[in-house]
Amino acid sequence: MIFGKKDHLVGLDIGSSFIKVAELKVTGKGLVLHKFGMAPIAPGTIVEGRVVDMESLANDIRILFKSQKIREKNVAISTGGHSVVIKTITASTNLEKELHDTIYSEAEQYIPYDIDDVNIDYQVLGESEFSPDQINVLLVAVKKDLVAEYIDLIRLAGLNPQIIDVDTFALQNTYEIIPYEAREKTTLLIDVGASKTSLNVLKANSSLMMRDNVSGTNQILEEIVSQFDVTIDEAQEAVNGEADDIVSQDKIREISLKLAQSWSSEICEVVNTYQTGANDEKVEKIILSGGGVFIEGFKDYLLSELDADVSIMNPFEAFIVDEKKFPDSFITKAAPLAPIAIGLALRRVDDK
Ligand SMILES: Nc1ncnc2c1ncn2[C@@H]1O[C@H](COP(=O)(O)OP(=O)(O)OP(=O)(O)O)[C@@H](O)[C@H]1O
Ligand SMILES: [Mg+2]
């Protein structure tokens, strides 16, 4: 992987609670973490994956680039959750022209939107496990208006959107460069963000199943709002430990634990459905990322439900990191939140 000056990109992960930006450099000694930064965005700026407050978000992005002294304007961003459909389908040909026609004529049955309203992309995964005459194809459909919205946002921030990726793919991209052992073991990547959870079952760097659901750390805020009749901003203050008079830390802990347990059960259900399916490969490793990793009990619940080796992703392990620029205390806090921005920064302008 060589980043020429021309084709290198800044990875920008626009999460619904934190935006993250990463810029990498390739040197003779290896990959270097050049820039990385995060900034919170106001609750309600992004709702269900849609940008509600364009001006304020563009401004947050501009400030983040400025504070990190990032001059590069070409960025890779990603989308996920509600408006993105990812499905593995089977087709009986791998001739490019025929495959293209088959996918476009059959896509409608897999996508809950009008076919004219989505951008479709696909990638051949390999031979079907059921029949050697068939191939598995990964179908990705993203709503056109969502893509247009994010392009507008990036331009409003004074940047050039070069690649629009999918969160789950960017996460997998990062997984692939981390020096993990035992990649042949069936591995589940779980990213629990503020408003969505992405699941990806992998074996030897190939995805076997991808799924997004709407669980996330925002549910803690929503629960506080409904139990204590406070605003979402007050709930956030309570979580930050700045409003103990309204909501005690014990109560927040109780709410968080309950949620962590329900996320684990949900994930366990998906895994069980997958395991009783055709492949029957037991998930042996789980790698967690996203703000959900900080929620007490989550890792333990997963361990007790899934009997797999559970760890937290640290994408910085794949890089040469200057401790003066990025102290250990920062790296520990940022590591679980960084993988998608890093995966995007690994893209090049000429990537598909
Ligand atoms: N150090 C921490 N302690 C506790 N909770 C944290 C910590 N850091 C992050 N979080 C939680 O994680 C959330 C952010 O996680 P993340 O950055 O993965 O979400 P996001 O990418 O913005 O959301 P999404 O991908 O769902 O749109 C915060 O809203 C907060 O609830
Ligand atoms: Mg996220």
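Residues numbered from 1 in each chain as written. Chains lettered and ligands numbered in written order. Predicted model: local features only at pLDDT ≥ 70, side-chain atom pairs only at ≥ 80, totals over all residues. Heavy atoms only, no water.

K.L.:
Help me out: how do you make sense of the overall build of the protein chain in this one?
P.N.:
Looking only at helices and strands, the protein chain features 10 helices and 15 strands. Since a compact globule built from 352 residues should have a radius of gyration of about 20 Å, the 20 Å found for the protein chain is in line with a globular shape. When the backbone C-alpha atoms are referred to their principal axes, the protein chain occupies close to 65 × 45 × 45 Å. Here the protein chain, with 352 residues, has 49% of them falling under the buried criterion. Taking the contacts inside the protein chain whose residues are at least 6 apart along the sequence as the reference set, 66% of them involve residues at least 24 apart. In the protein chain, 34 side chains carry a positive charge and 57 a negative one; their mean positions are 9 Å apart. (Helix = DSSP H or I, 4+ residues; strand = E, 2+ residues; numbered from the N terminus. Rg over C-alpha atoms; globule rule 2.2 N^0.38 Å. Buried < 20%, exposed > 50% of the residue type's maximum accessible area, 1.4 Å probe, protein only. Contact = heavy atoms within 4.5 Å. Lys, Arg positive; Asp, Glu negative; His and termini not counted. Charge placed at Lys NZ, Arg CZ, Asp CG, Glu CD.)

K.L.:
Is there a simple way to explain the packing of helix α1 (residues 54–67) against helix α3 (residues 144–156) in this structure?
P.N.:
When two helices pack together, their arrangement is given by the angle between the helix axes and the distance between those axes. Closest axis-to-axis distance for the α1/α3 pair is 8 Å, and the angle between their directions is 55 degrees. What the angle tells us is that α1 and α3 run oblique. Two packed elements cross with a definite hand, and for α1 against α3 that hand is right-handed. In this structure, α1 contributes M54, E55, L57, A58, I61 and R62 to the contact, and α3 contributes E149, D152, L153, I154 and L156. (Axes fitted to C-alpha atoms, helices over the stretch in contact; angles between N-to-C directions. Parallel < 35°, antiparallel > 145°, perpendicular 65-115°, else oblique. Left-handed = near helix turned anticlockwise from the far one by under 90°.)

K.L.:
What is the right way to look at the site of ligand 1 in this model?
P.N.:
Around ligand 1, a shell composed of 15 residues is seen, among which S16, S17, K20, S195 and G291 lie nearest. At 2.7 Å from an oxygen atom of ligand 1 is found a main-chain nitrogen or oxygen belonging to S17. Backbone polar atom of A194 to an oxygen atom of ligand 1: 2.9 Å apart, as the coordinates give it. Alone, ligand 1 offers 650 Å² of accessible surface; in the complex the protein occludes 79% of this. (Near = heavy atom within 4 Å. Polar contact = N/O pair within 3.5 Å; in protein donor to acceptor, adjacent residues only side chain to side chain. Areas by Shrake-Rupley, 256 points an atom, 1.4 Å probe, with all protein chains shown as cover.)

Coordinates in, geometry out; function isn't part of it.
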